[in-house]
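Spelled out, the chains give:
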Amino acid sequence: MTASDPRPLVGEPVSLDLLNTRWVQDGADHDLLTGTDGLAVWLASAGLAGRFHADAATLGHTLRAREALAATVDSPGDPRGAALLNEVLDHGRIRAVLTPEGPGEEPEFTDPAWGPAWTAARDYLDLLRRAPDRIRRCAHEACVLHFFDTSRNGTRRWCSMAVCGNRAKASRHYARTREA
C-alpha cells in the first residue's frame, strides 16, 4: 500500500504536479522524491501507478524531468531549459493506433523507466499548446508551487486561496492596521 501524499497542492496537470513534489511548509523545504517510496506516492497521486514502477531508474529519470521542467517553467524561452526538456522527450514518442473506439494514440518509450518523466514533459507541451499564459507560479513570495489557472477570467494568483492567499491577505491587513 502506498503512503498518503503529504503535499499541500495535488491534482494539477502531471507536469506541474511533478514540479510540486518540492514545496516549502512552515519555513522548511520538503522533497517528496528523495527515494522510491516518495516516487510511488507521486505515481499514485498522478494516476500513473498502474502503468509505471517506482524503482531507482524511474526515480532518476523523473528527477531529470523535474529539473528540466523547473528550468523551462521558471525561465520560459531559456534555451537550457528547452534542451533539458528535449533530452527527456527524446526517450518516447506517440504512436498512432486504430482502436475499436476509433483513431487513438499510444505513448512508446525507449525504456519503460522513462515513462513518467516523458509523460510529464509531454504534458507540459500540451499545456503550452492550450494556454501558456495560464501556467503560473504561486504569487506568495515564500511559496514554490505551480498551478494551471483554470479560473474563468484567468486571474488566479495563489496555489491555494486557503493557504497562500489567506497569508497574503493577513499580511496586508496587518500592515494596514500597523500604519493606522
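Fair warning: this is a prediction, and the values are worked out from it, not measured in the lab. Numbering of residues starts from 1 in each chain and follows the order in which that chain's sequence is written. In view of the model being predicted, local features appear only for residues whose pLDDT reaches at least 70, and side-chain atom pairs are presented and counted only at 80 or more, with totals across whole chains, interfaces and linings using the full set of residues. Computation of side-chain values covers all heavy atoms of the structure but excludes hydrogens and water.

Draft legend 1. Here's a closer look at the environment of Phe-148. Strands are runs of DSSP state E lasting at least two residues, helices are runs of H or I lasting at least four, and both sets are numbered from the N terminus onward. As for its position among the elements, Phe-148 is in strand S6 (residues 146-148). The spacing of Phe-148 and Ser-75 is 73 residues in sequence and 16 Å in space, taken between C-alpha atoms. The contact rule is simple, with two residues in contact once any of their heavy atoms fall within 4.5 Å. Here Phe-148 is in contact with Glu-12, Pro-13, Leu-16, Leu-127, Arg-130, Ala-131, Arg-134, Ile-135 and Arg-156, once residues within four sequence places are set aside.

Draft legend 2. Quick peek at the pairing of strand S3 (residues 92-99). A pair of strands is labelled paired if DSSP reports no fewer than 2 bridges between them. Strand direction decides the pairing type here: S3 and strand S4 (residues 102-109), joined by eight bridges, are antiparallel. Opposite Arg-95, over in S4, you have Glu-106 as the bridge partner. Connecting S3 to the next strand, S4, in antiparallel fashion are two residues.

Draft legend 3. Structural context of the nonpolar core. In this structure, Trp-42 and Cys-159 are the most contacted members of the largest nonpolar core, which totals 43 residues. Those elements that place two or more of their residues in this core are helix H1 (14-19), helix H2 (36-45), helix H3 (56-74), helix H4 (79-89), helix H5 (115-130) and S6. Looking at this core element by element, the count peaks at seven residues for H3. The residues contacting Trp-42, other than those within four sequence positions of it, are Arg-7, Val-14, Asp-17, Leu-18, Thr-21, Leu-32, Leu-33, Leu-48, Thr-62 and Pro-116. Side-chain atoms within 4.5 Å are what join buried Ala, Val, Leu, Ile, Met, Phe, Trp, Tyr and Cys residues into a set we call a nonpolar core. Only protein chains enter the accessibility calculation, which uses a 1.4 Å probe; a residue whose area is less than 20% of its type maximum is buried, one above 50% is exposed, and one in between is partly exposed.

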